[in-house]
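Listed below, chain by chain, are the residues.
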Amino acid sequence: MDLFEKVSEDIKNAMKAKDKVALETLRNVKKFFIEAKTAPGANDILADADALKIMQKLVKQGKDSADIYVKQGRQDLAEGELAQVKIIEAYLPKQMTSEELEKVLKEIITEVGAKDAKDMGKVMGVASKKLAGLAEGRAISTKVKELLG
């Protein structure tokens, strides 16, 4: 069962359970999935890798929105965003810890022969592909700067 089918199935379960937050969140996710499937050139296909990218983007947007709400003193809205983020994160692969990320990045740095901050682009190119879905781009970038700087 691919992610599109899983989300569709979980929408039915959320309806039966009368879980409004999960239902609203999953319907929103499915909307983005359908938009991606019907985009020009998609041929009505949505690979799980593309679905994961969409979900990661939604998680990032949700966290950013929650931060803005907190800064504006709207904790109620922030909690709503974070509840939705938590539901979407359940579909994503487990994120790497800082230690795991550092270990993998050190291997990549050795592999590409990076010496200093000038080589960051080489490292990021390999790291972004290798760690897609396992770590946020911002976390990867920060750790690479730290290791090369």
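The structure this text deals with has already been given above.
Residues take numbers from 1 onward in each chain, read along the sequence in its written order. The predicted origin of the model limits local features to residues at a pLDDT of at least 70 and limits the giving and counting of side-chain atom pairs to 80 or more, whereas totals for whole chains, interfaces and linings rest on all residues. Side-chain descriptors were evaluated using all non-hydrogen atoms of the structure, hydrogens and water having been removed beforehand.

What exactly am I supposed to notice about helix α5 (residues 98–112) here?
In an α-helix, one full turn covers 3.6 residues, which means residues spaced three or four apart are oriented alike. We count a stretch as a helix when DSSP gives it H or I for four or more residues in a row; a strand needs E for two or more, and each element gets its number in order from the N terminus. A helix is expected to span 1.5 Å multiplied by its residue count minus one. Helix length check: α5, at 15 residues, gives a terminal C-alpha distance of 21 Å against a target of 21 Å (1.5 Å per residue), a fit within 8%. The buried label goes to any residue with under 20% of its type's maximum accessible area, the exposed label to any with over 50%, and the partly exposed label to all in between, with areas taken from a 1.4 Å probe on protein chains only. If you check which residues of α5 are buried, you get Leu101, Val104, Leu105, Ile108 and Ile109. End-on view of α5: buried residues confined to an arc of 145°, all on one side of the axis. Exposed and facing more than 90 degrees away from the buried side of α5 are Glu99, Lys103 and Thr110. Among the structural elements, α6 (120–130) and α7 (137–148) are those in contact with the buried residues of α5. Among the residues trailing α5, Gly113 stands out with phi positive, at a value near 75°. Here the arc refers to the directions that run from the helix axis out to each C-beta atom. Residue contacts are counted whenever heavy atoms from the two residues lie within 4.5 Å of one another.

Can you walk me through the packing of aromatic side chains in this structure?
Two aromatic rings, taken as a pair, are described by how far apart their centres are and by the angle between their planes. Between rings of Phe, Tyr and Trp, where Trp is taken as its six-membered ring, a pair exists when centres lie within 6.5 Å; planes separated by under 30 degrees are stacked, by over 60 edge-to-face, and by other angles tilted. For the structure on display, the rule yields one aromatic pair. Arranged with centres 6.3 Å apart and planes meeting at 35°, the rings of Phe4 and Phe33 form a pair that is tilted. Of this pair, Phe4 sits in helix α1 (residues 3–17) while Phe33 sits in helix α2 (residues 20–37); the two residues are 29 residues apart in sequence, bridging distant segments of the chain. With respect to class, Phe4 is no different from Phe33; both count as buried. Charge-over-ring contacts are defined here by two conditions on Lys NZ or Arg CZ: a distance within 6 Å of the ring centre and an angle within 35 degrees of the ring normal. The positively charged end of Lys31 is found above the aromatic ring belonging to Phe32, 4.5 Å away from the centroid. Lying over the aromatic face of Phe4, Lys37 brings its terminal NZ or CZ to 4.0 Å of the ring centre.

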